[in-house]
Amino acid sequence: MRIGHGYDVHRLVEGRKLILGGVDIPHTLGLLGHSDADVLLHAISDAILGAIGEGDIGKHFPDTDPKYQGADSIKLLEHVMSLARQKGYRIGNLDATIVAQRPKLAPHIGHMCANIATALGCYEGEVNVKATTTEELGFAGRGEGIAAYAVALLVRISSPSETVLH
Ligand SMILES: Nc1ccn([C@@H]2O[C@H](COP(=O)(O)O)[C@@H](O)[C@H]2O)c(=O)n1
Ligand SMILES: C[C@@]1(CO)OP(=O)(O)OP(=O)(O)OC[C@H]1O
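Calculation rules
Residues numbered from 1 in each chain as written. Chains lettered and ligands numbered in written order. Predicted model: local features only at pLDDT ≥ 70, side-chain atom pairs only at ≥ 80, totals over all residues. UniProt positions renumbered as here; feature names shortened; annotations may be inferred. Buried ≥ 20, exposed ≤ 12 C-beta atoms within 10 Å, placed from the backbone. Contact = placed C-beta atoms within 7 Å. Core = buried A, V, L, I, M, F, W, Y, C linked by C-beta atoms within 7 Å. Helix = DSSP H or I, 4+ residues; strand = E, 2+ residues; numbered from the N terminus. pLDDT = per-residue confidence, 0-100.

### Remarks on the UniProt feature "binding site: a divalent metal cation" (unreviewed entry) in the protein
Following the UniProt record, the feature "binding site: a divalent metal cation" (unreviewed entry) maps to D8, H10 and H42 here. Sequence-wise these annotated residues cover 35 residues; spatially they are packed, their C-alpha atoms never more than 10.0 Å apart. Residue classification places D8 among the buried residues on the basis of 23 C-beta atoms within 10 Å. D8 has contacts with V39, H42, A43, D46, A147 and A148, leaving out every residue within four places of it along the chain. When near neighbours in sequence (up to four residues on either side) are disregarded, H10 contacts L31, L32, G33, A37, V39, G145 and I146.

So this is what it looks like as structure tokens:
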């Protein structure tokens, strides 16, 4: 088994969509980034890359590369999971926390978990996403940005050289 941790932050600005866990969430502000700025999927991607010893998303998808401008972070996560599979791992379980003062995310969490499970080729029961405010403290509390943390446990399913369908 291998464990990995991920953390990401994106600034909230006007004129951008708020996409979290692949869900387009109605809000007056959205997250700024080179990609679609899906801070939750970036933290999850980093957790998986960490677990397999493959650095971070900046290494695999540089924000200097125009190819990733406006990129759908679900596609980036799918690619990260394909690297994990090539190394012989599947998801054991994944836990993540979104830190956002607003909007209320609870109504969207189920949809996020379904999107993430589909991208990772795992069961929804292996994916848990939570949300918390910071009681109006700090950058998240002031509504300047949203942060996300993720921890991924990966389980070995084969030797690294085997092709694995999951
Ligand atoms: N953006 C958010 C933040 C929190 N929630 C939900 O509210 C619960 C209480 O949050 P506290 O920060 O006061 O602990 C939390 O457990 C979430 O279920 C949310 O939906 N959206
Ligand atoms: C996702 C990438 C893709 O160019 O860009 P951003 O959306 O800016 O996200 P960030 O977490 O700042 O950096 C990682 C980059 O790989």
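### Notes on the nonpolar core
Grouped together as the largest cluster of nonpolar side chains are 47 residues, with contacts concentrated most on L40, I44, I48, A96, I98, I146 and A148. Going through the elements one at a time, strand 2 (19-20), helix 1 (39-51), helix 3 (73-86), strand 5 (89-99), helix 4 (109-120), strand 6 (127-132) and strand 7 (145-156) are the ones with two or more residues in this core. Top element by residues in this core is helix 1. It accounts for nine residues. Look past the residues within four positions of I44 in its chain and what remains in contact with it is G6, L77, L94, A96, I116, A150 and A152.

### Remarks on the confidence of the model for the protein
A residue-level look at the protein finds 95% of positions with pLDDT of 70 or above and a mean pLDDT of 96. Confidence metrics for the complex model read pTM 0.94 and ipTM 0.91.

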